[in-house]
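In case you want the letters, here they are:
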Amino acid sequence: MAKPPSRSGSRSRPSEDGARAARPPVRGEHRPKPKRHETAAVDEAVAADVSADAGRPASRLIYGFHAVLGKLKRDPEAVFELYLSSQRQDIRAREVQQLAEAQGVRLIPSESDRLDGMVGTRRHQGVIARIDGRHRELKLADVLESLDEPALLLVLDGVQDPHNLGACLRVADAVGAHAVIAPKDRAVGLNATAVKVASGAADTVPYITVTNLARALREMQEAGVWIIGAAGEAEQSVFDVDQKGPVAWVLGAEGDGLRRLTRDTCDVLAKIPMLGSVESLNVSVASGICLFEARRQRGA
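Residues numbered from 1 in each chain as written. Predicted model: local features only at pLDDT ≥ 70, side-chain atom pairs only at ≥ 80, totals over all residues. Heavy atoms only, no water.

Counting secondary structure elements, the protein contains 10 helices and 11 strands. Expressed as a percentage of its 300 residues, the buried residues of the protein come to 50%. (Helix = DSSP H or I, 4+ residues; strand = E, 2+ residues; numbered from the N terminus. Buried < 20%, exposed > 50% of the residue type's maximum accessible area, 1.4 Å probe, protein only.)

Below, the structure written as structure tokens:
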């Protein structure tokens, strides 16, 4: 299995002869009823928007430990209130409580029935946060500096279909990816369709847009992240590339694949073995295969 070289010193580049291997709620009787997730596989999600009370910005609810802890760590100023089940006294509940207190976030002990009614599901894990309903722009450095495990990132090089973007965000949430990165230009952007298809993952997974994708890839490399580009013509399989360390998978646009500069910036290229008659997969399907292989190799 190919292993990424050390990041210390100069970075070796693959040769051109094929040596490049595929490497709050607000009290009140009237509250918009949230939509349930389309699948039961997502444990953390965003509930429906909550109407703002006088003088406060519109807000929405997020729930589940992964989503709430991530928001408290990355953007605590956007957390208005945190509701924690009074029945939970375990380590994860104490972690949320301590972090909320450290960030000065109002903590409201609540009964499970109340939490169920707030989000319309019992899958809240006993923790709900009311957050600023406006999306805030995140920087790549914010994510890279906050990680407490090897990075697992998904980079989309010019995906144009909002349905594909939304599906990729769902995949990223399911696999526990730390962020999805995409260029500001020549890409669909996080529009209403993409958010709807993402089924909540647009708020649980940081979505970062960058002006220059190649520069962002080099920033990841300088942070020790191994950049793997998905390419059908690559020599090496995704299952043979070492993904135990920090990695970013780069997938190209529908039909066009990776752009030349993006391809040249990758540390390694890898292919998904195709055994049937079709030549390619939908970008969200391909991203799922690549990212879950990284999790498999890491034993999680």
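Attention shifts here to empty space enclosed by the protein. If you add up the space inside the largest cavity, you get close to 30 Å³. L156, V159, L165, A182, A187, V188 and Y207 are the residues that line the largest cavity. Of the residues belonging to the lining of the largest cavity, the class tally is 7 nonpolar, no polar and no charged. (1 Å grid on protein atoms, 1.4 Å probe; cavity = no way out; pocket = protein on both sides within 12 Å on 5 of 7 lines; lining within 4 Å. Points joined across faces, edges and corners; volume = space filled by probe spheres on them. Nonpolar A, V, L, I, M, F, W, Y, C, P; charged D, E, K, R; others polar.)

To continue, consider a nonpolar patch on the surface. Residues M274, V278, L281 and V285 make up a contiguous nonpolar surface patch of roughly 300 Å² in combined accessible area. The class of L281 is partly exposed, set by a relative accessible area of 36%. (Patch = residues over 30% accessible without salt bridge, like charges linked within 9 Å, V, L, I, M, F, W, Y side chains within 5 Å. Areas by Shrake-Rupley, 256 points an atom, 1.4 Å probe, with all protein chains shown as cover. Salt bridge = Lys/Arg side-chain N within 4 Å of Asp/Glu carboxyl O.)

Moving on to helix α5 (residues 162-175). For α5, which comprises 14 residues, the first-to-last C-alpha distance of 20 Å matches the rise-based estimate of 20 Å (1.5 Å per residue) to within 8%. With respect to burial, α5 is a largely interior element, 10 of its 14 residues being buried. Buried within α5 are the following residues: P162, N164, L165, G166, C168, L169, V171, A172, D173 and V175. For α5, the N-terminal cap is D161; the gap from its side-chain oxygen to the backbone nitrogen of H163 is 2.8 Å. (Expected span 1.5 Å × (residues − 1). Polar contact = N/O pair within 3.5 Å; in protein donor to acceptor, adjacent residues only side chain to side chain.)

Another aspect to go through is a negative patch on the surface. Among the surface-exposed residues, D142, E145, E219 and E222 lie close enough to one another that they form a single negatively charged patch. Listed by contribution, the elements that provide at least two residues to the negative patch are α4 (140-146) and α8 (213-222). Checked against the element boundaries, D142 lands in helix α4. On the accessibility criterion, D142 (40% relative accessible area) is partly exposed. (Lys, Arg positive; Asp, Glu negative; His and termini not counted. Charge placed at Lys NZ, Arg CZ, Asp CG, Glu CD.)

Here 6 strands make up an open sheet; going across it, the order is β8-β7-β6-β10-β9-β11 and the pairing parallel. Each of the sheet's edge strands pairs with one partner strand only, and the pair in question is β8 (207-210) and β11 (268-270). Neighbour-to-neighbour, the strand axes of the sheet open up by a mean angle of 25°, direction not taken into account. Here 3 bridges tie strand β9 (residues 226-230) to β11, and the two strands are oriented parallel to one another. When the bridges of β11 are listed, G229 appears paired with L269. Packed onto the sheet, α5 meets β6 (152-157), β7 (179-183) and β8 and runs at close to 170° relative to β6. Across the face of the sheet, α8 comes into contact with β6, β7, β8, β9 and β10 (247-252) while running at roughly 165° to β6. (Pairing = 2+ DSSP bridges. Axes fitted to C-alpha atoms, helices over the stretch in contact; angles between N-to-C directions. Contact = heavy atoms within 4.5 Å.)

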